[in-house]
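# Close look at the chain arrangement
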Amino acid sequence: MVKARYKCNSCATEYPISTEITLCQKCNHPDSSDWSSTPLQGVLDVIYDYDQLKKNFCSFHPLDLMPVEREHFSYLARDEFTPLWRPNNLQKKLGLPKLLVKDDSTLPTGSLKDRASMLVAAFAQREGVDKIVLASTGNAASSMAGIGAAHGLEVIIFLPKAAPAAKLIQSRQYGASVNLVDGNYDLAYQQSYNYYQEHGGICRNTAMNPLTIEGKKSVSLEIYRQLDNQPPDVVFVPTGDGAIISGVYKGFVDLLQLGLIQKIPTIYAAQAKGSAAIHHAFNSGNFSPITASTVADSISVDVPKGGARALSYLQMFGGKTVVVSDQEILEAQHLLASTSGIFTEPAGAASLAGLLQVKQSISPTDSVVLLATGHGLKDPIPPFSLRKGILD
Ligand SMILES: *Cc1c(COP(=O)(O)O)cnc(C)c1O
């Protein structure tokens, strides 16, 4: 494995990768931060010695580009990618012959969060740490619970009371300790951090733990591999906290650093209208507090913890944002399911809803990838038309 280290994305200070360091100590020491009102500053990136990597690069597996050796992973020990579907009917309907869907609902616990949990669990195993603490809107919890179970880890979860029942049940089935928080995700985030400070272990809170973004980047490496070592032109990413989109960028940036691709795809952050903090900051230049409200619980967040990181990637690489209503999300969810057989939860359908909204700016020759980030049965709701009582 190639040597890796942490580097602050705002002041460039470097740190060794350890269980304690999570945010840049100069830009944002966790003890002094108030994360109920602003995105985290001083988020760390994992960086590698790219020249050394280039020299030894012959066969390329996504796990070769991770800061933990392959032997510590219990999943993905083989070439196990999630499918990149070719949705023929949807392609025809939209006039986009190169439209593809990356279906991460086929990961062990049914959401893209497993990519982060796998790296965190492998890291914990290597470091001999047996406890993981985290806050979640639901999927990160069930993911860490499941992947943690496979690694024999104790997983302690802080979850808002309003989280979908399926995700709570999943976490309990996997044997995690679940603390239901009488408040929103932001409060759960604070309580989980307090717990971590008192009891130790590894804190897997998204954005705060750099390994969550690093783990999620494998989705881009896989897409590149599945497109015969080419990047797509456009990627749509459901976005709440902003960690997935940063992970997607990080994967392509690594490929760029290695000279394997020449340009970063155009990446759209697809946000729900009622939870669009990153979109607003992208347009106005700064983050202002919102009270999130959307049917897509996995992208419902008042203060996007990874917002600063996501924003800097979007600005650096010509990314775009698109905002979609709950109705558009639910209609896109049904369209995807009924034309392609891919049933994704509402948050996962934000990517198709986003594409439908900006379709005029997409060329039929573009290769377009939609991320379907989580399984529909995790948050089952009937199609919008039926909810309204209209049988069409
Ligand atoms: C977590 C999650 C998202 C959003 O990811 P962020 O990193 O919060 O932007 C989207 N879809 C699903 C299914 C998720 O679980």
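Details of the structure are given in the entry above.
What counts, and at which threshold
- Residues numbered from 1 in each chain as written.
- Predicted model: local features only at pLDDT ≥ 70, side-chain atom pairs only at ≥ 80, totals over all residues.
- Heavy atoms only, no water.
- Phe/Tyr/Trp six-rings, centres within 6.5 Å; stacked < 30°, edge-to-face > 60°.
- Helix = DSSP H or I, 4+ residues; strand = E, 2+ residues; numbered from the N terminus.
- Buried < 20%, exposed > 50% of the residue type's maximum accessible area, 1.4 Å probe, protein only.
- Near = heavy atom within 4 Å.
- Polar contact = N/O pair within 3.5 Å; in protein donor to acceptor, adjacent residues only side chain to side chain.
- Areas by Shrake-Rupley, 256 points an atom, 1.4 Å probe, with all protein chains shown as cover.
- 1 Å grid on protein atoms, 1.4 Å probe; cavity = no way out; pocket = protein on both sides within 12 Å on 5 of 7 lines; lining within 4 Å.
- Sits in = over half its atoms within 2 Å of the grid points.
- Nonpolar A, V, L, I, M, F, W, Y, C, P; charged D, E, K, R; others polar.
- Pairing = 2+ DSSP bridges.
- Salt bridge = Lys/Arg side-chain N within 4 Å of Asp/Glu carboxyl O.
- Axes fitted to C-alpha atoms, helices over the stretch in contact; angles between N-to-C directions.
- Parallel < 35°, antiparallel > 145°, perpendicular 65-115°, else oblique.
- Left-handed = near helix turned anticlockwise from the far one by under 90°.
- Contact = heavy atoms within 4.5 Å.

### Points about the packing of aromatic side chains
Taken as a whole, this structure holds eight aromatic pairs when the rule is applied. Aromatic pair Y185 and Y189: ring centres 5.8 Å apart, planes at 75 degrees, arrangement edge-to-face. With a gap of four residues between them, Y185 and Y189 both fall in helix α6 (residues 185-199), about one helical turn apart. Grouping residues by exposure puts Y185 and Y189 together as buried. With 5.2 Å between their ring centres and 10 degrees between their planes, Y249 and Y313 make a pair best called stacked.

### Comments concerning the site of the ligand
Close contacts around the ligand come from 15 residues, with K113, N139, G240, D241 and T373 the closest. A distance of 2.8 Å separates an oxygen atom of the ligand from a polar atom in the backbone of G240. Here an oxygen atom of the ligand sits 2.9 Å away from a polar atom, N or O, in the main chain of A243. When the ligand sits alone it has 380 Å² of accessible area, and the protein chains cover 97% of it. Structurally, the ligand is housed in the largest cavity. Of the residues assigned to the shell around the ligand, the class counts are five nonpolar, seven polar and three charged.

### Points about the pairing of strand β3 (residues 44-48)
Taken across its five residues, β3 has five buried, putting it largely inside the fold. Covered by surrounding structure in β3 are L44, V46 and Y48 together with D45 and I47, the residues of both alternating faces. Sheet topology note: the strand β1 (residues 4-8)/β3 ladder contains five bridges and is antiparallel. Bridge pairing in β3 places K7 opposite D45.

### Structural notes on unusual backbone geometry
When glycine is set aside, most residues are seen to have a negative phi, and most peptide bonds are trans. Phi is positive for D228, which is not a glycine, with a value near 55 degrees. Looking at the secondary structure, you find D228 in the loop between α8 (218-226) and β10 (234-238). Positive phi, normally seen in glycine, also occurs at N229, with a value near 65 degrees. Relative to the helices and strands, N229 resides in the loop between α8 and β10. Given a relative accessible area of 39%, N229 falls into the partly exposed group.

### Details of the sheet that holds β3
Taken together, the three strands give an open sheet; going across it, the order is β2-β1-β3, and neighbouring strands pair in antiparallel fashion. One side of each edge strand has no neighbouring strand; the edge strands of this open sheet are β2 (14-15) and β3.

### Some remarks on the pairing of β1
Taken together, the two bridges between β1 and β2 define a ladder with antiparallel strand orientation. Residue pairing in the sheet places Y6 in a bridge with Y15 of β2. Taking the residues between adjacent antiparallel strands as the criterion, β1 and β2 are bridged by five residues, where A12 takes a positive phi near 70 degrees.

### Describing the pattern of salt bridges
This structure, assessed with the given rule, holds 16 salt bridges. Linking R115 and D104 is a salt bridge whose minimum nitrogen-to-oxygen distance equals 2.7 Å. A residue pair is termed long-range when its members are at least 10 positions apart, and R115 in helix α3 (residues 113-127) and D104 in the loop between β5 (99-103) and α3 qualify at eleven residues. Linking E214 and K217 is a salt bridge whose minimum nitrogen-to-oxygen distance equals 2.6 Å. The same class applies to E214 and to K217, which are both buried. What emerges from the salt-bridge pattern is a single network uniting K102, D104, R115 and E222.

### Concerning the packing of α3 against helix α4 (residues 139-150)
When two helices pack together, you describe them by how their axes are tilted relative to each other and by the distance separating the axes. Following both chains from N to C, one finds α3 and α4 inclined at 45 degrees, their axes separated by 9 Å at the closest point. In terms of orientation, α3 and α4 fall into the oblique class. For the element pair α3 and α4, the recorded crossing hand is right-handed. Touching K113, D114, S117, M118, V120 and A121 of α3 are N139, A140, S143, M144 and I147, all from α4. Residue composition of the contact of α3 with α4, by class: six nonpolar, three polar and two charged.

It is worth stressing that arrangement in space is one thing and function is another; only the former is reported here.
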